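For reference, the chains in residue letters:
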Amino acid sequence: MKSINSKPSETKNVDLVIQGGTAVTMVPGQAPVPNARILIKKDRIVQIGPSTEIPLPHGSALDIIDAQNGIIMPGLVNAHAHTAMALFRGFADDLPLRTWLFDKIFPAEADFLSPETVYWGALMGCIEMITSGTTCVADGYFFQDATIRAVDKCGIRAVVAQGVIDFPAPGIPDPKKNIRTARDFLEKWQHFSERITPGLFCHSPVTCSEKTLLRSQQLSKDYDKPLQIHLSETSAEVAEIIKRTGKRPTHYLDQLDLVDNQLIAAHGVYLDKSEIRCLHKKGAGIIHVPESNMKLSSGIAPLADILAMGVRTGLGTDGCASNNNLDLFGEMDTAAKLSKVSTGRPDATSATQVLEMATIGGAAALGLEKETGTLEKGKKADIIVVDTRAPHLCPLYNPVSVLVYAACGADVKDVVVDGTTLMKERKLCFLDPNEIMARVGEISEKIRR
Ligand SMILES: [Zn+2]
């Protein structure tokens, strides 16, 4: 198979055309464009609009994606994931977070994670995301050199963050070396690829000391890279921080000067209004992770309040061990419905708001809104086509309603990232899924034994 990094020729004015479907651009206030045509040169959109206004360029070698009877939209942004945890899908279900994490996941990670297993787990998570319409992921984990190799190979856009925690962790048996490992990671990958942003991932305010949080934040500032963290995921965690510091978690982080536009906080289940105001005022991002919060019985985040305050809000799946899939279409459906049931208001969070979270909202929370998240001239060509020729998507009164409440990842037909077609007519262009699943199968056999 050809490699992902073989770039298109310099001579053509247009390299790829996507045409025929209804474009849901996610540009605020813009109505869907029926029978749209999008012209792509190298990695960027050079023209987008109705086919009647944009002629098809001449050239026999032109690559064309036929989107007739489909919806053309920005690729989805999975703003919180631990991709390689695809290895632990279904390994430990139906447990509370603390038992699940400390008795099952941490020991299994200690025994089985290595650069090799993280590479294959991340590669499988990535192809699951690509084949279900995700074109950008924010990942936080360990052995992240391996995740960068996987992300580079498969072609997805990514923020790949090195884990920082004050316990012995995979690849960092001595926690005293966690900051040095993080610095080495940023130093090594900071200029590697425009498509891949290295970052840091402090596990949580409970599992990282004040000193570790401060040193991580300094590194994130020195290298101008994002800092991810789990924030207010459980009530026990909030109680522990209040007991230890006298402050709620967000105010504790703010006192340490961690709350700024580089902070990407996942979960936020127990944020009160003063914390949401603080996150908004300082420009931090919040990532809503409803299915993981439901599965671990952690609680329900106050999504309607967060959105009403105008916080940069994205949507994430979390790792496969607490979801148990990486399909953001399912996550959108859950997010919208959970908000309704938790507030008792069917209009609490609309389909449009949730679709924004999964596209431009997530991009903004990751600091990538100038590059991805909408279909606009000048932006990176991160685009998917959803095939709507299926009974569960018919009739089509409103494309946004279909995408949020009826579609699933398997309806995605074509995926383009950075101007490169990664999946066409549901076939991956660069990777053999059978080989990847076979390697993950071998690893899972060892974990099972
Ligand atoms: Zn997480």
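No experiment lies behind these values; they were computed from the predicted model shown.

What counts as what
Residues numbered from 1 in each chain as written. Predicted model: local features only at pLDDT ≥ 70, side-chain atom pairs only at ≥ 80, totals over all residues. Heavy atoms only, no water. Donors = N, O, S within 2.8 Å, 3.2 Å for Na, K, Ca; no water. Tetrahedral: all angles 85-135°; square planar, octahedral: opposite > 155°, others 65-115°. Helix = DSSP H or I, 4+ residues; strand = E, 2+ residues; numbered from the N terminus. Buried < 20%, exposed > 50% of the residue type's maximum accessible area, 1.4 Å probe, protein only. Phe/Tyr/Trp six-rings, centres within 6.5 Å; stacked < 30°, edge-to-face > 60°. Lys NZ or Arg CZ within 6 Å of the ring centre and 35° of its normal. Domains from an automatic or database assignment. Contact = heavy atoms within 4.5 Å. Buried area = accessible area lost by both parts, 1.4 Å probe. Pairing = 2+ DSSP bridges. Axes fitted to C-alpha atoms, helices over the stretch in contact; angles between N-to-C directions.

Caption draft 1: Examining the coordination of the zinc ion more closely. Coordination sphere of the zinc ion, protein contribution only: His80 (NE2), His82 (NE2), His230 (NE2) and Asp318 (OD), at 2.1 to 2.2 Å. Around the zinc ion, the 4 donor atoms are arranged such that angles at the metal cover 86 to 170°; this shape is classified as irregular. Binding-site remark: the zinc ion is held by donors from one chain whose sequence spacing is H-x1-H-x147-H-x87-D. Taken together, the residues histidine 82 in the loop between strand E7 (76-81) and helix H1 (97-112) and histidine 230 in strand E11 (residues 227-231) connect sequence positions 148 residues apart. By relative accessible area, which is 7% here, histidine 230 ends up buried.

Caption draft 2: Region of interest: the packing of aromatic side chains. Scanning all chains against the criterion turns up 6 aromatic pairs. Note on tyrosine 119 and tryptophan 120: the rings are 5.2 Å apart at their centroids and 80° apart in plane angle, and the pair reads as edge-to-face. In this structure tyrosine 119 comes out as buried when scored by relative accessible area, which is 9%. In this structure tryptophan 120 comes out as buried when scored by relative accessible area, which is 8%. Feature note: the residues Phe102, Phe106 and Phe167 constitute an aromatic cluster, connected by ring pairs. If you follow arginine 98 out to its NZ or CZ, it ends over the ring of phenylalanine 102, 4.5 Å from the centre. Sitting over the ring of tyrosine 119, arginine 149 keeps its end group 4.3 Å from the ring centre.

Caption draft 3: Seen up close, the domain arrangement of the chain. According to the domain assignment, the chain contains domain 1 (8-74 + 381-428) and domain 2 (76-365). Contacts between the two partners involve 25 residues from domain 1, matched on the other side by 29 residues from domain 2. For the pairing of domain 1 and domain 2, the buried interface totals around 2,100 Å² over both sides, and the portion due to carbon and sulfur atoms is 69%. When the buried area of domain 1 at its contact with domain 2 is split by residue, Met26, Val404 and Tyr405 rank highest and sum to 30% of it.

Caption draft 4: Representation of the sheet that holds strand E5 (residues 63-66) within the structure. One open sheet holds the 4 strands; their spatial order is E4-E3-E1-E5, and the pairing between them is mixed. The open sheet has two edge strands, strand E4 (44-50) and E5, and neither has a second partner. Taking the axes of each pair of neighbouring strands and ignoring which way they run, one obtains an average angle of 15° across the sheet. Bridge count between strand E1 (residues 16-19) and E5: 4 bridges; the pairing is parallel. Within E5, the residue paired with leucine 16 across the bridge is aspartate 63.

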